[in-house]
Amino acid sequence: MRGAALVGGLALLPLATACSGGEDEAAAERKRATTAVTAAPQAGVVAPAKVEVIANLTGCKPKIRIDAEELRQGLCHTKKVDYLITTFPEESYKETWLESAAMYGGKYLVGSRWIVSAQPELLEKFRPRLGGTIRQLQGMGPTAAPSAS
């Protein structure tokens, strides 16, 4: 049932973005630069969830770094790697965060009002547990040019 709702919501996403009107060229480019891969959660957890709930599913006890109106962010520290879990009270805050992060590029695991920032192989490991999509954001900095030799 949840999978059907997710697929239905994803099917409507292009229609909603196509009807946004008045979108500037830079915002349109950021949307085109974002790619997503979906997966169904093994745990059956329905997001939005709290930082602590997501952290528990990934096997950590988070240290809350930010507890603000717009977002909550927890740091998960392991012997091998650190990663961030960020939750948002509204979907619009998450989208604003992603637009800001687009300038830096990178991969993120993105769910309903939450984001996990970690190394790509860790995101792949978390995706079956948490659901969501892995989104590749294209950076806006300079790229390496081919040598003229």
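Conventions we followed
- Going along each chain's sequence as written, the residues are numbered from 1 onward.
- Totals for whole chains, interfaces and linings use every residue, but because this is a predicted model, local features are given only for residues with pLDDT of at least 70 and side-chain atom pairs only at 80 or more, for both listing and counting.
- Side-chain measures were taken over the full set of non-hydrogen atoms in the model, leaving aside hydrogen atoms and water.
- Any two strands with at least two DSSP-identified bridges between them are counted as paired.
- Secondary structure counts use DSSP, requiring at least four H or I residues in a row for a helix and at least two E residues in a row for a strand, with both numbered from the N terminus.
- Every patch collects residues that have over 30% relative accessible area and no salt bridge, joining them within 9 Å if they carry like charges and within 5 Å if they are nonpolar side chains (Val, Leu, Ile, Met, Phe, Trp, Tyr).
- Using the Shrake-Rupley algorithm and a 1.4 Å probe, accessible areas are obtained, with residue cover drawn only from the displayed protein chains.
- Salt bridge, as applied in this entry: a Lys or Arg side-chain nitrogen positioned within 4 Å of an Asp or Glu carboxyl oxygen.
- The rule is simple: take the accessible area with a 1.4 Å probe, protein chains only, and divide by the maximum for that residue type; under 20% is buried, over 50% is exposed, in between is partly exposed.
- Put simply, a nonpolar core is a bunch of buried Ala, Val, Leu, Ile, Met, Phe, Trp, Tyr and Cys residues held in one set by side-chain atoms that sit within 4.5 Å of each other.
- Sulfur atoms of two cysteines make up a disulfide when they are within 2.5 Å.
- The predictor's confidence in any single residue is recorded as pLDDT, a number from 0 to 100.
- In this description, contact between two residues means that some pair of their heavy atoms is separated by no more than 4.5 Å.

Caption draft 1: Layout of the pairing of strand β5 (residues 106–111). Where β5 lies against strand β7 (residues 133–137), five bridges are found, and the strand directions are antiparallel. Residue pairing for β7: valine 110 is matched across the bridge by threonine 133. Where β5 lies against strand β6 (residues 114–117), four bridges are found, and the strand directions are antiparallel. By the bridge assignment for β6, glycine 111 is matched with tryptophan 114. Linking β5 to β6, which pair antiparallel, is a turn of two residues; within it arginine 113 sits at a positive phi near 65°.

Caption draft 2: Spotlight on a nonpolar patch on the surface. Taken together, the side chains of Met103, Tyr104 and Met140 make up a nonpolar region of the molecular surface, amounting to roughly 390 Å² of accessible area. Assessed through its relative accessible area of 46%, methionine 103 is described here as partly exposed.

Caption draft 3: View of the environment of glutamate 121. Here glutamate 121 lies in helix α5 (residues 120–130). We classify glutamate 121 as exposed; its relative accessible area is 54%.

Caption draft 4: Structural view of the nonpolar core. One finds Ile54, Tyr83, Ile85, Leu109, Val116, Phe126 and Leu130 to be the most contacted residues of the largest nonpolar core, which totals 18 residues. For this core, the element with the most residues is α5, which contributes four residues. If you look at the next biggest cluster of nonpolar residues, it comprises eight residues, including Ala101, Tyr108, Val110 and Ile115.

Caption draft 5: Representation of the state of the cysteines in the model. Using the criterion set out here, one finds one disulfide in the structure. The residue that forms a disulfide with cysteine 60 is cysteine 76, at a sulfur-sulfur distance of 1.9 Å. Placement of the pair is cysteine 60 in the loop between α3 (51–58) and β2 (63–67) and cysteine 76 in strand β3 (residues 72–77), with a sequence separation of 16 residues. Its relative accessible area of 12% is what places cysteine 60 among the buried residues.

Caption draft 6: Representation of the confidence of the model for the chain. Summary statistics for the chain give a mean pLDDT of 76 and a share of 62% for residues scoring 70 or more. Per-element averaging of pLDDT across the chain places helix α1 (residues 2–18) at the bottom with 42 and strand β4 (residues 82–87) at the top with 97. Contacts for the low-pLDDT stretch residues 26–41, under 50 throughout, to residues beyond four places or in other chains number 37 contacts.

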